[in-house]
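# Breakdown of the fold
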Amino acid sequence: MLLRTRPILRRVALTGAALLATTAAIPQASAATGDAGPSGGGLSAVIRYTENGIPHILARDYAHLGFGTGWAQAADQVCVLADGFVTVTGERSRWFGPDAAPDGSLSSATRNLTSDLYFKGVRESGTVEKLLAAPAPAGPGKDLRELMRGWAAGYNAWLAQNKITDPACKGAGWVRPVTATDVAARGFAVSVLGGQGRGIDGITAAQPPAAAAAGTGARTTAPQEADPAAAAEAAREFFDTSRYDMGSNAVAFAGSTTANGSGLLLGNPHYPWQGGRRFWQSQQTIPGELNVSGGSLLGTTVVNIGFNEKVAWSHTVATGTPVSLHQLTLDPADPTAYLVDGVPEKMTGRTVTVPVAGGGPVTRTQWWTRYGPVVSNLGPGLPLPWTAGTAYALNDPNAANLRGSDTALAMGKARSVAGIQDALRRTQGLPWVNTVAADSAGGTLFTQSQVLPRITDELAARCSTPLGRATYPASGLAVLDGARGDCALGSDPDAVQPGVFGPGRAPTLRDAPYAENSNDSAWLANAERPLTGYERIWGNAATPRSLRTRGALEDVAGMAAKGGLTVAELQKQQFANRVPAGDLAAADAAKACAALPGGTATAGNGAVVDVSAACPVLAGWDRTADSSSRGALLFDRFWRKLTATTPAKDLWLVPFSAADPVRTPRTLNRAAPGIGRALADAVAELNAAGIALDAPLGEHQFVVRGGERLPVGGGTEALGVWNKIEAPWNAAAGGYPEVLHGSSHVQAVGWDGGRCPVARTLLTYSQSANPNSPYYADQTRMFSQERWVTSRFCERDILTSPKLKVVWPRERG
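As the structure is a computational prediction, the values presented were derived from the model and not from experiment.

Let us look at the pairing of strand β9 (residues 324-331). Within β9, seven of the eight residues are buried, which leaves the element mostly enclosed by the surrounding structure. One ladder, built from six bridges, connects β9 with strand β15 (residues 390-395); its direction is antiparallel. In the sheet register, L325 faces β15, and the bridge partner there is L394. The pairing of β9 with strand β18 (residues 479-481) spans three bridges and is parallel. Opposite Q327, over in β18, you have D481 as the bridge partner. The sheet contact formed by β9 and strand β10 (residues 334-340) spans two bridges and is antiparallel. Within β10, the residue paired with L330 across the bridge is Y338. In sequence, β9 turns back onto β10 through a hairpin of two residues.

Attention shifts here to the sheet that holds strand β6 (residues 290-297). Spatial ordering of the open sheet is given by β19-β17-β16-β8-β7-β6-β5-β2-β1-β32, a layout of ten strands whose pairing is mixed. Where the open sheet ends on each side, the last strands, each with one partner, are β19 (508-510) and β32 (805-807). Strand-to-strand twist of the sheet, defined as the mean angle between neighbouring strand axes without regard to direction, takes the value 20°. Looking at chain direction, strand β8 (residues 311-317) and strand β16 (residues 433-439) are connected through seven bridges and run antiparallel. Note on β16: the bridge partner recorded for W313 is A437. Together, β8, β16, β17 (444-447) and β19 form the strand contacts of helix α13 (residues 417-427), whose direction differs from that of β16 by roughly 150°.

The next thing to look at is the state of the cysteines. One pass over the structure, following the stated rule, counts four disulfides. Two residues, C593 and C615, share a disulfide whose sulfurs are 2.0 Å apart. Around the S-S axis, the bridge from C593 to C615 shows a dihedral of about -75° and counts as left-handed. On the criterion of sequence distance, the pair formed by C593 in helix α18 (residues 580-594) and C615 in helix α19 (residues 614-620) is long-range, its members being 22 residues apart. Relative accessible area serves as the criterion here: at 1%, C593 is assigned to the buried category. In this model C756 forms its disulfide with C794; the gap between the sulfur atoms is 2.0 Å. When the S-S torsion is -125°, as for the bridge of C756 with C794, the disulfide is left-handed. Of this pair, C756 sits in the loop between β29 (745-750) and β30 (758-763) while C794 sits in the loop between β31 (789-790) and α24 (795-799), and the two are 38 residues apart along the sequence. Looking at C756, the relative accessible area reads 9%, which means it is buried. Looking at the protein, its bonded cysteines, counted consecutively from the start of the sequence, adopt the pairing 1-2, 3-4, 5-6, 7-8.

Parameters and conventions
Residues numbered from 1 in each chain as written. Predicted model: local features only at pLDDT ≥ 70, side-chain atom pairs only at ≥ 80, totals over all residues. Heavy atoms only, no water. Buried < 20%, exposed > 50% of the residue type's maximum accessible area, 1.4 Å probe, protein only. Helix = DSSP H or I, 4+ residues; strand = E, 2+ residues; numbered from the N terminus. Pairing = 2+ DSSP bridges. Axes fitted to C-alpha atoms, helices over the stretch in contact; angles between N-to-C directions. Contact = heavy atoms within 4.5 Å. Disulfide = S-S within 2.5 Å.

The values reported here are purely geometric and, on their own, carry no functional implication.
Quick look at the structure:
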């Protein structure tokens, strides 16, 4: 049954103790696990909703907590969740057709068919079930298993007891109950998102050479091998975090820099604004066991980034290369067998049949080796052809990692940055992120404790093929000789699974005045205390940093030096919207503009454009990407065009120096020929769209929610803005009319000596994807207005919320 808030219930809720007593009466969860009746335990939870629809889930144990979490996520995001379950069950082609593209939230597959072939293969091979069966710490712990069982039951109970109002899936046949294995399969998809998930098209396309397989002896043209130099550049681009559709900033400040000696944390993840990689806010409480608040990736059972009474943490996408390749030497008599130390090993064929809407089923075979699946490419720029003599296998250690939620759960129970580090050491579940943390005692932590193949520089030097000798230095992608047994990946004694680095090898910085990351490598987590000595696969060092990293380091180092920091300073940093590219180049660009003969420049199409009106706009711009900033849009369009066509060596007069990495390169080369062209193209583009050169940014960077146009501040990766916003240009629709990804679950957290953390949060795209929900656009409006949610963490704060609504979802027999 569902009890909605009534006056008497509200009065009971305001006592606090009565609600806690209620949870003690909740029946103990059944000890059963697995798919046999995930809803068989008579589960329930108490959910207290406060402002902005944020649920505070109170439960007796982990199964009940999972139940409340699954229920509450379904209430806000049922269509997005259901779509993801269609993905991991391999049924997208059945419901949506084989050629449509998935939303990209659970893999990089370009077509539903390739997505289905992969995920149905995972399902039919029992991959997830085997991982679930592994005892902890190699597999998930008991508490996590109970959370998944409860989450499935809660999701199913919500479906059974409520009508769907979201038009995205109202009445859709693909919205169905799920099992605990489905929940785990979604976690598996997140784990391999940076590895096998990025190689799905290549995994499902890899086929043995037809003529050789048929034994016909017919001559065929050999597939084109990747040129090593071209492959190095392609691999660098493929693993370049600045090109991903997610990233992040995070900074922790030590007590020596703050007003009261406690630590501070500002987390600013950059994730998609639509689809299954959205965050969702909640507080999860089991009295005496767990009390944590923050953001969860949809479909996960735990808080992924957040805070508790003593510690706060966030994650940033890391530069570690999460996969390696093994170049196979094939048996001359059989292209589906490969040699290891001269002994042939047969590949395993995984034949998968996928139902397809409007047509017959499609059957394909994928080929697997001791190293992983055979793959035909890593993106269009890096072909990996399967010839009569050679094939390539993709090693992704996160395909054996279902521990990510165990890590998050352990972090939620930590009481200090030392506890965070211990949680990472014990569980080792993070596949593709760094961790930045601060605690109430003033401690800070940066660590790149992610699951990576154990590729040492020595191993790469000894075992790389010619292709690997090009790709490893450029990107950290090792291509090892799969025919040599002595080229197998070793194991560290502190690693929980074979073939990966132990946490003792992870780049780590403890208790620095500040620890910051903006998706560059660990090298400059603190510019005054560089981290060095790690293997290349973790990331590079002594190389140019992104403008976002450089701007962030300037900002946070200045804040630390100033001292006396509070949560309010973190809030100011989030919305400072300083444009580092503007500080470096706008004045010189304006001078170059003013020096153009006759005030004209030649556009890329050969047209001569009067750009004279742009010069004073660039000179007068305030160098921010606030929604009210005049000139920000002009500089944005100019800078994108300039940097897309002008190499860095031609752009700056002072080159990069590893001795001065935050301030170099610098000084715009006003003589660079691309400047005039980029100005002409930008001015012509804005003129053609009817957009004034000095138009406020927010008039042309916005989102529309419920018919309301909401201006959006912030800027793109190329500009280096902390408050990152990535939006596709659409002149006909007014400029940047929608945000694809950028600032998402933002949190500014500190402590003031009391029992409750001081926290301000903001979920930029709001809690619900349902346009009929009151929580569809409320926080988006707040983001537009640069306002924050004051977190309600302690009981007295929750129970005194003027928006308090209490529900008690329960299973029905």
